[in-house]
Amino acid sequence: MMMMIRPKCILRPGMVLTMCLLYAGAAQSAFEQRAVCARAIAMGGTFTAAQDDVGAIYWNPAALGTLSSSELEFMYQDLYSKGLVNFTHLAFAYPGIGPGGFGISWTRYGVTKKVPFSYNENTFTVGYGASLPGRISAGASFNYFKLKSELNASGFGMNAGLQYRPFQWLCVGSAFSNVLKTNVRYEGGATDTLPGNV
């Protein structure tokens, strides 16, 4: 006599795929930086010395001081092309505030309604950059991180940047993300420290 054993729980292939895709992204860390701005992506992410672009709010806030006009940017990406996980970025920059420019942005990484659970990372950024004497620009931006999932979390961070233009055809830049110790605190009391980058 042959006996057939059926598993008590059958996972749908879509659920397994979604879990694998989220695990692949989450293996890095929550609020992992992703490339934004089409021009920056086309340049392979080498954008810390770029000037006059709304992407400065994300790449190097010092460049907000070089803006010549207002700019609005929107980016949407269906990660893994399955309609399950997406990345959204919206930014606005406005020049002519004192010696520099002001920028705000919102970045979201999360799952769609096709997924049977909730996971959303939101980053809200406000920044200012100024042109200083000696062909130098300096800037700073402040981030508010908000995670919505089974465990909710939030935290604050700061980024800073410098640019130097010794010649009209050459600009050197340096950007520092999470300058101060950036802690994201979970509802249960746990803390995750976001790494600083130069």
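Quick summary incoming for the structure in this document.

Cut-off values and rules
Residues numbered from 1 in each chain as written. Predicted model: local features only at pLDDT ≥ 70, side-chain atom pairs only at ≥ 80, totals over all residues. Heavy atoms only, no water. Helix = DSSP H or I, 4+ residues; strand = E, 2+ residues; numbered from the N terminus. Buried < 20%, exposed > 50% of the residue type's maximum accessible area, 1.4 Å probe, protein only. Contact = heavy atoms within 4.5 Å. Areas by Shrake-Rupley, 256 points an atom, 1.4 Å probe, with all protein chains shown as cover. Phe/Tyr/Trp six-rings, centres within 6.5 Å; stacked < 30°, edge-to-face > 60°. Polar contact = N/O pair within 3.5 Å; in protein donor to acceptor, adjacent residues only side chain to side chain. Pairing = 2+ DSSP bridges. Core = buried A, V, L, I, M, F, W, Y, C linked by side-chain atoms within 4.5 Å. Patch = residues over 30% accessible without salt bridge, like charges linked within 9 Å, V, L, I, M, F, W, Y side chains within 5 Å. Salt bridge = Lys/Arg side-chain N within 4 Å of Asp/Glu carboxyl O.

Secondary structure summary: the chain contains 3 helices and 9 strands in total. Written out in order from the N terminus, the α and β elements of the chain read α-α-α-β-β-β-β-β-β-β-β-β. Residue burial in the chain is summarised as follows: out of 198 residues, 41% are buried. By sequence separation, contacts in the chain at least 24 residues apart represent 48% of the contacts at least 6 residues apart. For the chain, the computed accessible surface area is about 11700 Å², with 63% contributed by carbon and sulfur atoms.

To continue, consider the packing of aromatic side chains. Given two aromatic rings, one states the distance between the centres and the angle between the planes to describe the pair. The tally for this structure, following the rule as stated, stands at 4 aromatic pairs. Between Tyr58 and Trp59, the ring centres sit 5.4 Å apart and the planes meet at 75°, which makes this aromatic pair edge-to-face. The class for Trp59 is buried, based on a relative accessible area of 15%. Pairing Tyr144 with Phe156 gives two aromatic rings, centres 5.1 Å apart and planes at 45°, and the pair type is tilted. Of this pair, Tyr144 sits in strand β5 (residues 136-148) while Phe156 sits in strand β6 (residues 153-167), placing them 12 residues apart in sequence. For Tyr144, a relative accessible area of 28% corresponds to the partly exposed category. Each residue in the set Phe124, Tyr144 and Phe156 is aromatic and connected to the rest through ring pairs, giving one cluster.

Here we come to the side chain of Asn183. Its place among the elements puts Asn183 in strand β8 (residues 182-186). Only 2.8 Å separates the side chain of Asn183 from the side chain of Thr193, close enough to count as a polar contact. If we ignore the near neighbours within four places in the chain, the residues touching Asn183 are Ser154, Gly155, Phe156, Thr191, Asp192 and Thr193.

Let us now look at the pairing of β8. Of the strand pairs in this sheet, β6 and β8 are connected by 3 bridges, and their pairing is antiparallel. Residue Ala153 lies in a different strand from β8, and its bridge partner there is Tyr186. Inspection of the sheet shows β8 paired to strand β9 (residues 191-194) by 4 bridges, in the antiparallel sense. Within β9, the position partnered with Arg185 by the bridge is Thr191. Connecting β8 to the next strand, β9, in antiparallel fashion are 4 residues, including Gly189 with a positive phi near 105°.

With respect to the helices and strands, Asn178 occurs in the loop between β7 (170-176) and β8. A polar contact is formed between the side chain of Asn178 and the backbone oxygen of Pro195, at a distance of 2.9 Å.

Phe47, Trp59, Val85, Phe87 and Tyr109 are the most contacted members of the largest nonpolar core, which has 20 residues in total. Secondary structure elements with two or more residues in this core: β1 (71-79), β2 (85-97), β3 (100-111) and β5. Of all hydrophobic cores here, the second largest spans 8 residues; its members include Val54, Ile57, Leu64 and Ala93.

The subject of this paragraph is the environment of Pro99. The residue Pro99 is located in the loop between β2 and β3 in this model. For Pro99, a relative accessible area of 52% puts it in the exposed group. Sequence spacing of Pro99 and Leu132 is 33 residues, and the spatial spacing of their C-alpha atoms is 7.6 Å.

The next subject is a nonpolar patch on the surface. A cluster of nonpolar side chains, Leu132, Ile136, Leu162, Tyr164, Phe167, Trp169, Leu170, Val172, Phe176, Val179, Leu180 and Val198, forms an exposed patch at the surface whose accessible area comes to about 1200 Å². Among the elements of the structure, β6 and β7 are those that each provide at least two residues to the nonpolar patch. Within the element layout of this structure, Val198 appears in the segment after β9. For Val198, a relative accessible area of 80% gives the class exposed.

Limitation: the analysis is restricted to geometry and does not speak to function.
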